[in-house]
There are 2 protein chains.
Amino acid sequence: MSDVADRAGVSLSTVSRALRGAPGVAPEVRERVQRAAAELSYVVSRNASGLVTGATGRVAVLVPFLQPWFFGVALAGIGTRLRQADLDMLVYQVGDMRGVEEYLGELPLRRNVDAVIALSLDLDEREIAVLDEVGVPVVFVSQRIPERASVFIDNAAAARSATRHLLNLGHTSIAFVQSADSTGFEWSSAERVNGYREAMAEAGVRPQVLVGESGPRGGALAAGELLSRAEPPTAIFAESDDVAMGVLRVLQRSGLAVPEVMSVLGFDNHDMAELLDLSTVAQPVSEMGAVAARLAVEAVADPAAVPHVELATNLLVRGSTAGPRAASRLVGGNE
Amino acid sequence: MSDVADRAGVSLSTVSRALRGAPGVAPEVRERVQRAAAELSYVVSRNASGLVTGATGRVAVLVPFLQPWFFGVALAGIGTRLRQADLDMLVYQVGDMRGVEEYLGELPLRRNVDAVIALSLDLDEREIAVLDEVGVPVVFVSQRIPERASVFIDNAAAARSATRHLLNLGHTSIAFVQSADSTGFEWSSAERVNGYREAMAEAGVRPQVLVGESGPRGGALAAGELLSRAEPPTAIFAESDDVAMGVLRVLQRSGLAVPEVMSVLGFDNHDMAELLDLSTVAQPVSEMGAVAARLAVEAVADPAAVPHVELATNLLVRGSTAGPRAASRLVGGNE
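By the naming in an unreviewed UniProt entry, chain A is LacI-type transcriptional regulator, taken from Saccharopolyspora erythraea.

## Notes on the overall build of chain A
Counting its regular elements, chain A contains 12 helices and 12 strands. For chain A, the proportion of its 335 residues judged to be buried stands at 56%. Taking the contacts inside chain A whose residues are at least 6 apart along the sequence as the reference set, 70% of them involve residues at least 24 apart. Of the roughly 13000 Å² that chain A leaves accessible, carbon and sulfur atoms contribute 50%.

## Some words on the pattern of salt bridges
All names here are of chain B. Counted under the stated rule, the structure contains 12 salt bridges over all chains. Here Arg-160 ties to Glu-198 by a salt bridge, and the two come within 2.4 Å at their closest N and O atoms. You can see Arg-160 sitting in helix H8 (residues 155-168) and its partner Glu-198 sitting in helix H9 (residues 186-202), a full 38 residues away along the chain.

## Focus on the sheet that holds strand S12 (residues 314-316) of chain A
As a general point, the strands of a sheet are linked pairwise by backbone hydrogen bonds and lie either parallel or antiparallel. Residue and element names in this part refer to chain A. Ordered in space as S7-S6-S8-S9-S10-S12, the six strands form an open sheet in which the pairing is mixed. Either end of the sheet is taken by a strand with one partner, and the two such strands are strand S7 (208-212) and S12. With direction set aside, neighbouring strand axes in the sheet form an average angle of 20 degrees. Here helix H11 (residues 241-253) sits on the sheet in contact with strand S6 (174-179), strand S8 (235-238), strand S9 (263-268) and strand S10 (279-282), set at roughly 155 degrees to S9.

## Examining the packing of helix H10 (residues 215-227) of chain B against helix H11 (residues 241-253) of chain B
Residues and elements named next belong to chain B. The interhelical angle for the contact between H10 and H11, taken along N-to-C directions, is 50 degrees, at an axis separation of 6 Å. Judged on the interaxial angle alone, H11 and H10 are oblique. Relative to H11, the crossing made by H10 is right-handed. From H10, Gly-215, Pro-216, Gly-219, Ala-220, Ala-223, Gly-224 and Leu-227 reach across to H11, where they touch Asp-242, Val-243, Gly-246, Val-247, Val-250 and Leu-251. Here the contact of H10 with H11 is built from residues that sort into eight nonpolar, four polar and one charged.

## Description of H8 of chain B
Residues and elements named next belong to chain B. When the terminal C-alpha atoms of H8 are compared, their 20 Å separation across 14 residues agrees well with the 20 Å that a helix rising 1.5 Å per residue should span. All buried positions along H8 are accounted for by Asn-155, Ala-156, Ala-158, Ala-159, Ala-162, Thr-163, His-165, Leu-166 and Leu-167. Backbone geometry just downstream of H8 places Gly-170 in the positive-phi region, at approximately 110 degrees.

## Thoughts on the side chain of Ser-142 of chain A
Its location among the elements puts Ser-142 of chain A in the loop between strand S4 (138-141) and strand S5 (149-153). Relative accessible area serves as the criterion here: at 5%, Ser-142 of chain A is assigned to the buried category.

## Observations regarding the sheet that holds strand S10 (residues 279-282) of chain B
Residues and elements named next belong to chain B. Overall, mixed pairing links the six strands, which are arranged S7-S6-S8-S9-S10-S12 in an open sheet. Of all the strands in the sheet, just strand S7 (208-212) and strand S12 (314-316) have a single pairing partner and so form its edges. Taken over all neighbouring pairs, the strand axes of this sheet differ in orientation by 20 degrees on average, direction set aside. Relative to strand S9 (residues 263-268), strand S8 (residues 235-238) is paired through three bridges, and the arrangement is parallel. By the bridge assignment for S9, Phe-237 is matched with Leu-265. Against the sheet, H8 engages strand S6 (174-179), S8, S9, S10 and S12, with an angle of about 165 degrees to S9.

## Some words on the environment of Ala-118 of chain B
Structurally, the position occupied by Ala-118 of chain B is in strand S3 (residues 115-119). Those residues in contact with Ala-118 of chain B, other than ones at most four positions away along the chain, are Leu-62, Val-139, Phe-140 and Val-141 of chain B.

## Topic: the side chain of Ser-179 of chain B
All names here are of chain B. Residue placement: Ser-179 occurs in strand S6. A distance of 2.5 Å separates the side chain of Ser-179 from the side chain of Glu-239, its partner in a polar contact. Filtering out sequence-adjacent residues up to four positions away, Ser-179 remains in contact with Ser-189, Gly-212, Glu-213, Ser-214 and Glu-239.

## Structural notes on H9 of chain B
The periodicity of an α-helix, 3.6 residues per turn, causes residues three or four positions apart to be oriented the same way. Residue and element names in this part refer to chain B. Here H9 spans 24 Å end to end across 17 residues, near enough to the 24 Å set by a 1.5 Å rise per residue. Looking only at H9, the buried set comprises Ser-188, Ser-189, Arg-192, Val-193, Gly-195, Tyr-196, Ala-199 and Met-200. Projection of H9 onto a plane perpendicular to its axis shows the buried side chains occupying an angular sector of 160 degrees, all on one side. Exposed side chains of H9 directed beyond 90 degrees from the buried face belong to Ala-201 and Glu-202. Where H9 is buried, its residues contact strand S5 (149-153), H8, S6, S7, S8 and S9. Just past H9, the residue Gly-204 takes up positive phi, approximately 70 degrees.

## Re the nonpolar core
Ranked by internal contacts, the top residues of the largest apolar core, which has 102 residues, are Leu-119 of chain A together with Leu-119 of chain B. Residues in contact with Leu-119 of chain B, not counting those within four places in the same chain, are Val-61, Leu-62, Val-63, Pro-64, Phe-70, Phe-71, Ala-74, Leu-75, Ile-78 and Val-141 of chain B. Counting residues in each nonpolar core, the second largest holds 50 residues, with Leu-248 and Leu-278 of chain A together with Ala-222 and Val-264 of chain B among its members.

## Considering the environment of Arg-325 of chain A
Residue and element names in this part refer to chain A. By the element assignment, Arg-325 lies in the segment after S12. We classify Arg-325 as partly exposed; its relative accessible area is 41%. Expressed as a C-alpha distance, the spacing of Arg-325 and Gly-170, which sit 155 residues apart in the sequence, is 9.5 Å.

## Overview of the confidence of the model for chain A
In low-pLDDT segments, the atomic positions of the prediction should not be examined closely. Summarising the model, chain A shows a mean pLDDT of 84, and 81% of its residues fall at 70 or more. Across residues 41-53 of chain A the pLDDT falls below 50, and counting only partners more than four positions away or on other chains, this stretch makes 31 contacts in the model.

## Things to note about the packing of helix H5 (residues 69-84) of chain A against helix H12 (residues 285-301) of chain A
Residue and element names in this part refer to chain A. Two numbers describe how H5 lies on H12: the axes approach to 7 Å, and their chain directions differ by 40 degrees. The orientation of H5 with respect to H12, classified from their angle, is oblique. Considering only the axes of H5 and H12, their crossing is right-handed. Contacts between H5 and H12 involve Trp-69, Phe-70, Val-73, Ala-74, Gly-77, Ile-78, Arg-81 and Leu-82 on the former and, on the latter, Val-285, Ser-286, Met-288, Gly-289, Ala-290, Ala-293, Arg-294 and Val-297. Class assignment of the residues belonging to the contact of H5 with H12 gives a composition of 11 nonpolar, three polar and two charged.

## Some thoughts on the pairing of S9 of chain A
Regular strands place side chains that alternate from one sheet face to the opposite one. Residue and element names in this part refer to chain A. Most of S9 is tucked away, with six of its six residues classed as buried. At this point the chain moves from S8, through H11, to the parallel S9, and the crossover so formed is right-handed. In this sheet, S10 lies alongside S9 in parallel orientation, the contact comprising four bridges. Following the sheet pairing, Phe-267 is matched in S10 by Val-281.

Rules and cut-offs
- Residues numbered from 1 in each chain as written.
- Chains lettered and ligands numbered in written order.
- Predicted model: local features only at pLDDT ≥ 70, side-chain atom pairs only at ≥ 80, totals over all residues.
- Heavy atoms only, no water.
- Helix = DSSP H or I, 4+ residues; strand = E, 2+ residues; numbered from the N terminus.
- Buried < 20%, exposed > 50% of the residue type's maximum accessible area, 1.4 Å probe, protein only.
- Contact = heavy atoms within 4.5 Å.
- Areas by Shrake-Rupley, 256 points an atom, 1.4 Å probe, with all protein chains shown as cover.
- Salt bridge = Lys/Arg side-chain N within 4 Å of Asp/Glu carboxyl O.
- Pairing = 2+ DSSP bridges.
- Axes fitted to C-alpha atoms, helices over the stretch in contact; angles between N-to-C directions.
- Parallel < 35°, antiparallel > 145°, perpendicular 65-115°, else oblique.
- Left-handed = near helix turned anticlockwise from the far one by under 90°.
- Nonpolar A, V, L, I, M, F, W, Y, C, P; charged D, E, K, R; others polar.
- Expected span 1.5 Å × (residues − 1).
- Polar contact = N/O pair within 3.5 Å; in protein donor to acceptor, adjacent residues only side chain to side chain.
- Arc of directions from axis to C-beta.
- Core = buried A, V, L, I, M, F, W, Y, C linked by side-chain atoms within 4.5 Å.
- pLDDT = per-residue confidence, 0-100.
- Right-handed = clockwise from strand over helix to strand, strands pointing away.

So this is what it looks like as structure tokens:
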């Protein structure tokens, strides 16, 4: 920009004002600046250049909500990778106001992005059909869509392994706490329940699935329900660390020792999990975002390719899971 | 779009493909679709319309990082309000890769937004000078900049009141835990320390400020240091709930009862705070985002206006703060 200022013989702020058509610049000066900019072939506006190349330089990220921990971490991963590719990140929270369908319906006419990343957005067949109309390449994060570029973890296998960890410790009464409200994780959640059920079936143990609210509040309510049963479980597997935190909180308040009286297992490796000493299934959220961004960049170059990238998870065994101890059972032999 | 399809006598997907210049559409068909769209004055592209009106239909939100709870909530507030104004939200994480200056330096030439919202970005005078060059209206969130549109809380006054709450309970040894690493909250953090110091000075009590890492880890480390002092404090005021959570965790692990042995006070009203029964200063983060978005929309219409909106905070007294109890002092009379 200082080259333009030098060439036109004006100040930097005059260049800025002239190029964006702000008032207070004499027509003669504006023309001089514009000519200088053109001579130096400056990219005055991505808008203008976009009309020539057909590229907008932008990728849209659709999220159901922005508040849960997962989305901040994933967006950070996406944004960082997109910047490396010199792409801007548009963020649309579709969970609250207009909804996916409305957004997708507008997309072909707005034509304001080169690609779309659908972040933990559990789209149904009808919504995916809308994407076909759009024609803008789409990358799915944490959902596996056969005909679309996707990056995901194997939720079912991870939950199966984690459940086996509890079974191997000797637990035979293990409850799974699932949330059913619209946080955008329905698909992951359903897969995790499936994995849990499979492991329980393999072991010949009766599954106990509680469906409730999401987040710590959902976990707290579920823990309350479980603790008021005639025979409470000895282990609780929460579908996410957020939910597990609510469970832990209720146990702590009730003076029930973890893991002596109750084992608690989460899913995510939330940044609070280590501090809470919570055993959990770690999923690489930031990396998932970075891979999604890479796939979006590749999809722009080759929309026909529909790569599927599966990332690994790890069971992190911390202090919240241990074998059930007869001496400290919830009913009867407390302390 | 279906109007265009009807008028051109083609399918919806053909309209989509024709309008975005995708292959597989006969030139004659494409022309027919483009004519139909033009006749119906469809906004084929915001890019094209932007060149005419000078508006891009986009607002950029600059954030230092995306991961902390605060940013997700604020972005949700901003995004929702921008959608109401039919504006798209570009999100730039400037904390990690290029930095504020680089972003701002590019802005005049990229010219891809109508306004910028700087979210908890502690800009120095030099960086603010760069904004002058840019000429795009800027709204500051959670920092008060005299000559710029800003939305904020009175961090100093809120911290002063909160400290008085601890003093009024009878505490005379109150530590403040501050984080100094680059989470983007330096300014708020500094103001909160000021408020704490003022209240302590008014009461004639010696301040004890610990400066360390941010987040729960910072809180945990600070708690460790405080607990290893010859005379640990009876109350800890953490600069944020994230930090307070780390403090609470260490106290819990050490078997030190809150609030009996130690009172803990946070700042934010994080969504985990209620569950943890943490006394805290509630700030309206989502509303702050919504107001910032409104100011951005207004600034586009009238860049000369520099409104300052101060939002109210509330001290939420929960179970983590109470008077110091001689019977359960940390040193000497435990239980």
